[in-house]
Every structure is written in C-alpha cells, then in structure tokens.
Amino acid sequence: MHDYIKERTIKIAEHLLETKQTVRVIAKVFGVSKSTVHKDLTERLPTINPALAKEVKTVLEYHKSIRHLRGGEATKKKYKEKTRV
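What you are looking at is a predicted structure, and each value in this text was computed from that prediction instead of being measured.

Cut-off values and rules
Residue numbers run consecutively from 1 along every chain, following the written order of its sequence. Given that the model is predicted, a residue must reach a pLDDT of at least 70 before its local features are reported, and side-chain atom pairs must reach 80 or more before they are shown or counted; all residues, however, enter totals for whole chains, interfaces and linings. Side-chain measures here rest on the full set of heavy atoms in the structure, leaving out hydrogens and waters. The criterion is simple. A nonpolar core is a set of buried Ala, Val, Leu, Ile, Met, Phe, Trp, Tyr and Cys residues joined through side-chain atoms within 4.5 Å. Categorising residues by exposure relies on relative accessible area from a 1.4 Å probe, with only protein chains included: less than 20% of the type maximum marks a residue as buried, more than 50% marks it as exposed, and the intermediate range marks it as partly exposed. Strands are runs of DSSP state E lasting at least 2 residues, helices are runs of H or I lasting at least 4, and numbering of each runs from the N terminus. Contact between two residues is taken to exist if any of their heavy atoms lie within 4.5 Å; hydrogens are not considered. Given the number of residues in a helix, its expected span is that number minus one, multiplied by 1.5 Å. Bend, in this description, refers to the angle at a residue between axes fitted to the seven residues ending there and the seven starting there.

**A word on the nonpolar core**
Here is step 1: Counting residues in hydrophobic clusters, the biggest one holds 15 residues, and the most contacted among them are Ala13, Leu16, Val37, Leu41, Leu45, Val56 and Leu60.
Here is step 2: Broken down by secondary-structure element, the contributors of at least two residues to this core are helix H1 (3-19), helix H2 (23-30), helix H3 (34-48) and helix H4 (50-84).
Here is step 3: At five residues, the largest contribution of residues to this core is made by H4.
Here is step 4: Contact partners of Ala13, with chain neighbours within four places excluded, come to Leu41, Leu45, Leu52 and Val56.

What follows is the structure in structure tokens.
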C-alpha cells in the first residue's frame, strides 16, 4: 500500500472521530468518493492501526443504526420545501 493512501486513511479516521461526520460529508471534505472513504475505514485502517479502527467502527455502527431516521428527515424536508413553492 502506498504511503499517501496510509496517510489519507489515518487523516480520514481522525477526522471522523473528531467531527462524527458521515461518510458522505467526509468524502466531500477530502475530495474522494464515498466508496474510497468507506474502503479506507473498513478495510485498510484495520491493517494500519487496529486500535483506531476499533474506535472508528463504533462511530460507523452508530451512523448505520440511525440512517433510517436521517433518510426520513431528508424526505420530510424535501416534500416540505416542495409544497412551499
């Protein structure tokens, strides 16, 4: 694995732990795809830094557990704005 990938993976993981942002938001911040962020955090990070990966996993699991709520809020907001126009 290239050094720049390792560095990016560590930076993304630290950013996630500091901000608790979603994968989608972090992808925009770092200028990479959601798939890249997800792969960095779930596949590459455990081989680079297992302790950090464990912390990141708990945040990702929390995000996964509330995603149905976020989706519902987004849909509600969408239709609320649509009816105003």
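Having seen the structure, we can now continue with the description.
**Section: H3**
Here is step 1: Helix length check: H3, at 15 residues, gives a terminal C-alpha distance of 20 Å against a target of 21 Å (1.5 Å per residue), a fit within 8%.
Here is step 2: Maximal helix bending in H3 amounts to about 35°, located at Asp40.
Here is step 3: Taken together, the buried positions of H3 are occupied by Val37, Asp40, Leu41, Arg44 and Leu45.
Here is step 4: On its buried face, H3 sits against H1, H2 and H4.

Treat this as a map of the structure, not an account of what it does.
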